[in-house]
Amino acid sequence: MKRQILKDIRLSRSELIIKGLCLFTMLIYVYCVLDITLIDRIPGIRRHVFRPLWEVSSMLKSGDYSYWSGQIGGNLIMLFPLGFMMPILSDKFRNIKWAAIMGLAFSVLIEFTQYYTARGLFESDDIIHNTIGACIGCIVYVFIYDKLLNEKSSGKVVVLHA
């Protein structure tokens, strides 16, 4: 029985190469995220903002859309690759629920570490935006995988309009 299960989940050479490259890319990505959010920062004082969506509120009140859009957009983009790469590594992560769980867990880990080490501002907004970014990454992956790759293999031509 065990041999049959292992036989069924064996991957082709190209699948192993893709997963290996994705894993290598994921390790570099995680290091870059940790460098941006923790390693490259100088310790200061512990700060936190627990009020949800305070960045959106500040952006709308101040009218400074470029700064706040960069803050919010940067957090959305930061965990997009996580949501995109996890489904490549395992079929288990090909749904929005797992993308949200992974995005939430990684973001909470970053925010608590920032607070504990005094290397950043613990923000509930960052957790929300990072989680949404991971979910968007998963949605984009599923769209590409389901729509483009599956339709390509079935002989259909897919045209995306801008």
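Residues numbered from 1 in each chain as written. Predicted model: local features only at pLDDT ≥ 70, side-chain atom pairs only at ≥ 80, totals over all residues. Heavy atoms only, no water.

Focus on the state of the cysteines
Evaluation of the coordinates by the stated rule reveals 0 disulfides. In this model Cys138 remains outside any disulfide bridge; the closest cysteine sulfur is found in Cys135, 7.2 Å from its own. Residue Cys138 is classed as buried on the basis of its relative accessible area of 1%. (Disulfide = S-S within 2.5 Å. Buried < 20%, exposed > 50% of the residue type's maximum accessible area, 1.4 Å probe, protein only.)

Looking at the packing of aromatic side chains
For the structure shown, the criterion picks out 6 aromatic pairs. Here Phe80 and Phe84 contribute two aromatic rings whose centre-to-centre distance is 6.3 Å and whose plane-to-plane angle is 15 degrees, an arrangement assigned as stacked. Note that Phe80 and Phe84 are positioned in helix H5 (residues 80-89) at a spacing of 4 residues, about one turn of the helix. Over the ring of Tyr115 we find Arg46; its NZ or CZ atom is 5.8 Å from the centre of that ring. The residue whose ring lies beneath Lys92 is Trp98, and the NZ or CZ to ring-centre distance is 4.5 Å. (Phe/Tyr/Trp six-rings, centres within 6.5 Å; stacked < 30°, edge-to-face > 60°. Helix = DSSP H or I, 4+ residues; strand = E, 2+ residues; numbered from the N terminus. Lys NZ or Arg CZ within 6 Å of the ring centre and 35° of its normal.)

Concerning the nonpolar core
Membership of the largest hydrophobic core comes to 15 residues, with the highest contact counts inside it found for Met26, Tyr29, Val33, Leu79, Leu82 and Phe106. Those elements giving two or more residues to this core turn out to be helix H2 (13-39), H5, helix H6 (96-117) and helix H7 (124-153). Sequence-distant contacts of Leu82, defined by excluding residues within four places in its chain, comprise Met26, Tyr29, Met102, Gly103 and Phe106. One finds Trp54, Met59, Trp68 and Ile72 within the second-largest nonpolar core, a separate group that totals 5 residues. (Core = buried A, V, L, I, M, F, W, Y, C linked by side-chain atoms within 4.5 Å. Contact = heavy atoms within 4.5 Å.)

Digging into H2
For H2, built from 27 residues, the straight-helix expectation of 39 Å at 1.5 Å per residue is met to within 8% by its first-to-last C-alpha distance of 36 Å. Residues of H2 that are buried make contact with helix H4 (65-78), H5 and H6. (Expected span 1.5 Å × (residues − 1).)

Observations concerning the pattern of salt bridges
Going through the model one piece at a time under the given rule, you end up with 1 salt bridge. We note a salt bridge from Arg94 to Asp91, for which the minimum N-O separation is 2.9 Å. Taking relative accessible area as the criterion, Asp91 reaches 53% and is therefore assigned exposed. (Salt bridge = Lys/Arg side-chain N within 4 Å of Asp/Glu carboxyl O.)

Structural notes on the side chain of Glu55
Among the secondary structure elements, Glu55 is positioned in helix H3 (residues 54-62). Here Glu55 sits buried without a salt bridge, and the closest side chain of opposite charge, Arg41, lies 10.0 Å off (N-O distance). Excluding anything up to four places from it in sequence, Glu55 contacts Trp68, Gln71, Ile72, Asn75, Glu123, Asp125, Asp126 and His129. (Lys, Arg positive; Asp, Glu negative; His and termini not counted.)

Description of the packing of H3 against H4
Closest axis-to-axis distance for the H3/H4 pair is 9 Å, and the angle between their directions is 160 degrees. Comparing their axes, H4 and H3 come out roughly antiparallel. Read as a crossing pair, H3 and H4 show a hand that is left-handed. The segment H3 lies against H4, with Trp54, Glu55, Val56, Ser58, Met59, Leu60 and Ser62 engaging Tyr65, Trp68, Ser69, Gln71, Ile72 and Asn75. (Axes fitted to C-alpha atoms, helices over the stretch in contact; angles between N-to-C directions. Parallel < 35°, antiparallel > 145°, perpendicular 65-115°, else oblique. Left-handed = near helix turned anticlockwise from the far one by under 90°.)

Quick notes on the side chain of Asp125
Note that Asp125 resides in helix H7. Polar side-chain contacts of Asp125 include one of 2.4 Å to the backbone nitrogen of Leu53. Each residue touching Asp125, except ones within four places of it in the same chain, is listed here: Arg51, Pro52, Leu53, Trp54, Glu55 and Val56. (Polar contact = N/O pair within 3.5 Å; in protein donor to acceptor, adjacent residues only side chain to side chain.)

Let's talk about H6
Here H6 spans 31 Å end to end across 22 residues, near enough to the 32 Å set by a 1.5 Å rise per residue. Every buried residue of H6 is listed here: Ala99, Gly103, Phe106, Ser107, Ile110, Glu111 and Gln114. Viewed along the axis of H6, the buried residues span an arc of 130 degrees, placing them on a single side of the element. Along H6, exposed side chains directed more than 90 degrees from the buried face belong to Lys97 and Tyr116. Ala118 lies just past H6 and shows a positive phi near 60 degrees. (Arc of directions from axis to C-beta.)

All quantities given are derived from atomic positions and should not be read as evidence of function.
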